[in-house]
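Remarks on the overall topology
If you want the building blocks of each chain, they are given just below.
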Amino acid sequence: MFPKTKEVVMDLTSIDDLDFFEQISRSQSLTEAARNWGKSVSAVSKRLSALEARLGVQLIRRSTRRLTLTEEGQLYAAGALAILQQKTDLEEALSTQHGELKGSITVHSSLGIGRKHIAPLLGEFARQHPLVRVDLELSALPLNISGTNFDIAIRVGGLSDSRLKAKLLARNRRIVCAAPSYLDNAAPLRTTRDLERHNCIVLRENNGDYSLWRFGERGQEYVDVSGSMISDDGDVVTDWCMQGHGLIMRSTWHVNPLIHQGVLQQVLPDVPTPSADIYALYPSTDRTPRRIAAAIEHLRHGLAARIGA
């Protein structure tokens, strides 16, 4: 029994203390951390106990469901992250002469654009740069990455935070469209008020006024639409629209490819709508790591090709 346990612990102790704890601090539980390493929970716990014994402080309050950092643990995690980042930046600087990118990139994005565009583009980037480790997290709601471990956040619409830089990736706005089969049998659409006589498929998102479709350059005009179908999933409402059930108002990043294919048709094209441009947000530092800048540039070129004008 003892040799087997010793073998696992020795394998984990080959990981640098700073790297070990930085990864622990980003995990929701020791179970999650053990799963990421492919090791047992007991092995990770023993490795953590050995680190705490060496430092003479408790770093983590353990529970069966959740992991909580002590004040000392927060200090150690922040310092570990800063030192590891300096190490990565140094290695990246040394590899510049060979044209290689190296290190990790952590990206946060909302679900819709993340699944449809960001994930495929990051897959291309990882294939082109095999020494870069890409970590993508998707969530239903946007996240302010200031003070987090994320390197890049993808946002539809900007985020006002002086601690972040913003790089425009693609122009975007929300437009109204429908399937040709719906428009062939529908009442004419000449003004925004005509929308009140149409079946509008409503997307419920971000706990906002989802039945209000906004128009004008600053969204100063709005129409309270209604219809027979509503969902909290953007792909679902788009599928319903393609089936001819009614009108939708969606971002051009979502519907432009379908419009180019003739599957959907934009209506009220001369009526302006507020912009909702796509940005990459990243920490405002003196020097942006080369791998981060390269990833952002790859996303910018890739979105232009995938979305179109």
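Quick word on the overall build of the protein
Summing up its helical and strand segments, the protein has ten helices and 14 strands in all. Across the 309 residues of the protein, 41% fall into the buried class. The contacts in the protein between residues at least 6 apart in sequence include a share of 72% that link residues at least 24 apart.

Examining the sheet that holds strand 4 (residues 132-139)
The strand order 4-3-5-14-6 describes an open sheet built from five strands, whose pairing is mixed. Since the sheet does not close on itself, it has two edges, and those belong to strand 4 and strand 6 (164-170), each with one partner. The mean angle between the axes of side-by-side strands here comes to 25°, regardless of whether they run parallel or antiparallel. Where strand 3 (residues 103-110) and strand 4 come together, eight bridges link them in parallel fashion. Counterpart to isoleucine 105 in the pairing with strand 4 is valine 134.

Things to note about the sheet that holds strand 7 (residues 174-178)
Overall, antiparallel pairing links the three strands, which are arranged 12-7-13 in an open sheet. With partners counted over all chains shown, the strands left at the sheet margins are strand 12 (248-251) and strand 13 (265-267), one partner each. This sheet shows a mean twist of 55° between the axes of neighbouring strands, independent of strand direction.

As for the nonpolar core
Among the nonpolar cores identified, the biggest contains 23 residues, and Ile105, Ile152, Ile154, Leu169 and Ile278 are the most heavily contacted of them. Listed by contribution, the elements that provide at least two residues to this core are strand 3, helix 6 (111-128), strand 5 (152-156), strand 6, strand 14 (278-283) and helix 10 (290-307). Broken down by element, this core gets its largest block of residues, six residues, from helix 10. The contacts of isoleucine 152, once residues within four sequence positions are left out, are Ile105, Thr106, Val107, His108, Ile145, Ala280, Leu281, Ile292, Ala295 and Ile296.

What to know about the confidence of the model for the protein
Taken as a whole, the protein shows an average pLDDT of 83; of its residues, 86% reach a score of 70 or greater. For the protein, the element scoring lowest by mean pLDDT is helix 1 (residues 2-13), at 39; strand 13 scores highest, at 95. Within the model, the stretch residues 1-11 combines pLDDT values under 50 with five contacts to residues more than four positions away or in other chains.

So, the side chain of serine 139
Relative to the elements of secondary structure, serine 139 occurs in strand 4. A polar contact of 2.8 Å, which involves the side chain of serine 139, links it to the side chain of histidine 108. Those residues in contact with serine 139, other than ones at most four positions away along the chain, are His108, Ser109, Ser110 and Leu111.

A word on unusual backbone geometry
Phi at leucine 268 is positive, roughly 50°, even though this residue is not glycine. Along the chain, leucine 268 falls in the loop between strand 13 and strand 14. A relative accessible area of 8% places leucine 268 in the buried class.

Quick notes on the state of the cysteines
The tally for this structure, following the rule as stated, stands at zero disulfides. Considering cysteine sulfurs only, cysteine 177 is the nearest to cysteine 241, which forms no disulfide, with 5.1 Å between them. Accessibility expressed as a relative area gives 0% for cysteine 241, which makes it buried.

Here's the deal with the pairing of strand 9 (residues 212-215)
As paired strands, strand 9 and strand 10 (residues 221-224) are joined by four bridges and run antiparallel to one another. Bridge pairing in strand 10 links tryptophan 213 to valine 223. Linkage of strand 9 to strand 10, two consecutive antiparallel strands, is achieved through a turn of five residues, within which glycine 216 is found at a positive phi near 90°.

Things to note about the environment of serine 231
Secondary-structure assignment places serine 231 in strand 11 (residues 230-231). Looking at serine 231, the relative accessible area reads 9%, which means it is buried. Separated by 29 residues in sequence, serine 231 and valine 202 have C-alpha atoms that sit 6.6 Å apart. Discounting chain neighbours no more than four positions away, the residues touching serine 231 are Val202, Leu203, Arg204, Val236, Val237 and Trp240. Among the polar contacts made by the side chain of serine 231, one reaches the main-chain amide nitrogen of aspartate 233 at a distance of 3.1 Å.

Criteria and thresholds
- Residues numbered from 1 in each chain as written.
- Predicted model: local features only at pLDDT ≥ 70, side-chain atom pairs only at ≥ 80, totals over all residues.
- Heavy atoms only, no water.
- Helix = DSSP H or I, 4+ residues; strand = E, 2+ residues; numbered from the N terminus.
- Buried < 20%, exposed > 50% of the residue type's maximum accessible area, 1.4 Å probe, protein only.
- Contact = heavy atoms within 4.5 Å.
- Pairing = 2+ DSSP bridges.
- Axes fitted to C-alpha atoms, helices over the stretch in contact; angles between N-to-C directions.
- Core = buried A, V, L, I, M, F, W, Y, C linked by side-chain atoms within 4.5 Å.
- pLDDT = per-residue confidence, 0-100.
- Polar contact = N/O pair within 3.5 Å; in protein donor to acceptor, adjacent residues only side chain to side chain.
- Disulfide = S-S within 2.5 Å.

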